[in-house]
Amino acid sequence: MFVRNNWYVGAWSSEVVWGKLLARRILDTPIVFFRDQNNAAAALHDQCCHRGLPLSMGRIEAGAVRCGYHGMKYDRSGLCIEIPGQATIPKKACVKSWPLVEQHGLVWIWCGDTAPECSPPDYPWHGDWLWKGGLFHYEAPQELINDNLLDLSHLGYVHVQTIGGDPNTHMNAEMRTTRGDGSVTVERFMRSVNPPPTHMRLNGYENPVDRWQRIRFIPGLITIYSGSVPAGTLRTEGNQAGGFQQRVFNAITPETAHTSHYFWSVAHEAVPNSPGMTDSLHADTITTFEEDRVVINAQYKRMRETPDKRWIDLGIDAGAIQARRIIRERVAAEQAAPMPSAASAASASAEVS
Ligand code: FES
Ligand SMILES: [Fe+2]
């Protein structure tokens, strides 16, 4: 179940390299990314219109794609611009192309069949803050990754070595779930608790802290603003002051109904005299996310043994339940009207936390 009229992260900018073809399945559609003659990222259906060979098996020629079987050549719009040994190019000689926007180190792809009516989510922290990212492949659908990120009570059990801490701290956190127009935000506040290992190491805490997490979901993207401040100084509205703060970008792009691409980054404010902080935080985040991946892949493998089973919900699932509802509603709207307005996507995308 995919929302199609939506911006998804298709690739990191650094993955789309001049002169090379990048094959990636997105929403169960094979796509080939490349750079055109102006070095702008482009995306075509990865299937030649002649006899179906993946275009990603061909080659790039001056920003156009040459099929590796009989040599048909396509421009960035998907139009065939050359057929070896044939002067006439049939009108139907073309493949589908998708709109892309490249910003903040990300290549966003509009996966709908209509022209995009909104911009991709802005993410200024890829620029305003120091950051470093990565890409994971999951043997699990988007919903389970969304569940995981929208319910951070699992920190005390899954992430003991990094951002975890006492499980009771997480299970008893104050929680606020707010449904917006096509979005849901979950906020969690933990007061006067022991700082977790990562915060202690990077911020030198010696006393209890107040912790917060603000998690915002729209289809395809979860942003997390989290950290800790000295106990007694927590704010429950707006941004925090001081302490240890980080912003984690989590773009979940469905590959198939059963697998996902997970583009992520962690960003922090520049801290004087802290060389290596970005690398250190990045390394800790990899450790953390690997822990999640092991759990989620194992969870989905076991769930597939009983596909019709109904699972129980807990109080901690409030945000995840809303996220599933948002996806269901968007998919239902798209199926009811083949060319729905993307207005709700536009309003949901306008702001990130
Ligand atoms: S399969 Fe691509 S040109 Fe024939
Ligand atoms: Fe986790």
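Just so it is clear, the model here is predicted, and its values are computed rather than measured. (Residues numbered from 1 in each chain as written. Chains lettered and ligands numbered in written order. Predicted model: local features only at pLDDT ≥ 70, side-chain atom pairs only at ≥ 80, totals over all residues. Heavy atoms only, no water.)

1. Notes on the overall build of the chain
Reasoning step 1: Along the chain, the regular secondary structure elements total eight helices and 17 strands.
Reasoning step 2: The C-alpha atoms of the chain give 22 Å as radius of gyration, which agrees with the globular expectation for 353 residues (20 Å, within 12%).
Reasoning step 3: By its C-alpha atoms, the chain is 75 × 50 × 35 Å across when sized along the principal axes.
Reasoning step 4: Here the contacts in the chain between residues at least 6 apart in sequence split such that 59% fall between residues at least 24 apart. (Helix = DSSP H or I, 4+ residues; strand = E, 2+ residues; numbered from the N terminus. Rg over C-alpha atoms; globule rule 2.2 N^0.38 Å. Contact = heavy atoms within 4.5 Å.)

2. A word on the sheet that holds strand β6 (residues 64-66)
What links the strands of a sheet is backbone hydrogen bonding, and the strands pair in either a parallel or an antiparallel sense.
Reasoning step 1: A sheet is described by the order of its strands in space; here four strands give the open sequence β5-β6-β7-β8, paired in antiparallel fashion. Of all strands in the sheet, those bounded by a partner on one side alone are β5 (59-61) and β8 (80-82).
Reasoning step 2: Here β6 runs beside strand β7 (residues 73-74); their pairing, made up of two bridges, is antiparallel. Each bridged residue has a counterpart across the sheet, and for arginine 66 the counterpart in β7 is lysine 73. (Pairing = 2+ DSSP bridges.)

3. Let's talk about the packing of aromatic side chains
Reasoning step 1: Under the counting rule described, the total for this entry stands at 13 aromatic pairs.
Reasoning step 2: Ring centres of tyrosine 123 and tryptophan 125 lie 5.5 Å apart, and the angle between their planes is 65 degrees; on these two criteria the pair is classed as edge-to-face.
Reasoning step 3: Residue tyrosine 123 is classed as buried on the basis of its relative accessible area of 2%.
Reasoning step 4: According to the relative accessible area criterion, tryptophan 125 is buried, its value standing at 14%.
Reasoning step 5: Sitting above the plane of the tyrosine 225 ring, arginine 247 keeps its charged end 3.9 Å from the centroid. (Phe/Tyr/Trp six-rings, centres within 6.5 Å; stacked < 30°, edge-to-face > 60°. Buried < 20%, exposed > 50% of the residue type's maximum accessible area, 1.4 Å probe, protein only. Lys NZ or Arg CZ within 6 Å of the ring centre and 35° of its normal.)

4. Observations regarding the environment of valine 184
Reasoning step 1: Inspection of the secondary structure puts valine 184 in strand β13 (residues 184-193).
Reasoning step 2: A residue is classified by how much of its surface remains accessible, and valine 184, at 0% relative accessible area, is buried.
Reasoning step 3: The spatial distance from the C-alpha of valine 184 to the C-alpha of isoleucine 218 is 7.0 Å, given a sequence separation of 34 residues.
Reasoning step 4: Excluding residues within four positions of it along the chain, valine 184 makes contact with Leu150, Thr177, Thr178, Arg179, Ile215, Arg216, Phe217, Gly319, Gln322, Ala323 and Ile326.

5. Concerning the domain arrangement of the chain
Reasoning step 1: Structurally, the chain comprises domain 1 (7-110) and domain 2 (125-349).
Reasoning step 2: Contact with domain 1, which involves 16 residues of that partner, is made by 20 residues of domain 2.
Reasoning step 3: Summed over both partners, the interface of domain 1 with domain 2 buries about 1,300 Å², with 70% contributed by carbon and sulfur atoms.
Reasoning step 4: The largest contributions to the domain 1 side of the interface with domain 2 come from Tyr8, Val9 and Trp12, which together make up 41% of the buried area.
Reasoning step 5: Along the contact surface separating domain 1 from domain 2 lie zero salt bridges.
Reasoning step 6: Contributing elements (two or more residues each) for the side of domain 1 that touches domain 2: β1 (7-12), β2 (22-26) and β10 (106-110). (Domains from an automatic or database assignment. Buried area = accessible area lost by both parts, 1.4 Å probe. Salt bridge = Lys/Arg side-chain N within 4 Å of Asp/Glu carboxyl O.)

6. Comments concerning the coordination of the iron ion (ligand 2)
Reasoning step 1: Donor atoms from the polypeptide that bind the iron ion (ligand 2) are His154 (NE2), His159 (NE2), Asp292 (OD) and Asp292 (OD), placed at 2.1 to 2.3 Å.
Reasoning step 2: Here the iron ion (ligand 2) binds four donor atoms, and the angle range of 59 to 149 degrees at the metal identifies the geometry as irregular.
Reasoning step 3: Within one chain, the residues donating to the iron ion (ligand 2) are spaced in sequence as H-x4-H-x132-D.
Reasoning step 4: With a relative accessible area of 1%, histidine 159 lands in the buried category. (Donors = N, O, S within 2.8 Å, 3.2 Å for Na, K, Ca; no water. Tetrahedral: all angles 85-135°; square planar, octahedral: opposite > 155°, others 65-115°.)

7. Considerations on the environment of threonine 278
Reasoning step 1: Checked against the element boundaries, threonine 278 lands in helix α6 (residues 277-303).
Reasoning step 2: For threonine 278, a relative accessible area of 16% translates into the label buried.
Reasoning step 3: Taking the C-alpha atoms as reference points, threonine 278 and leucine 130, 148 residues apart in sequence, are found 6.7 Å from one another.

8. Examining the side chain of serine 183
Reasoning step 1: Examined against the element boundaries, serine 183 turns out to sit in the loop between β12 (174-179) and β13.
Reasoning step 2: Serine 183 has contacts with Thr178, Arg216, Phe217, Ile218 and Ile326, leaving out every residue within four places of it along the chain.

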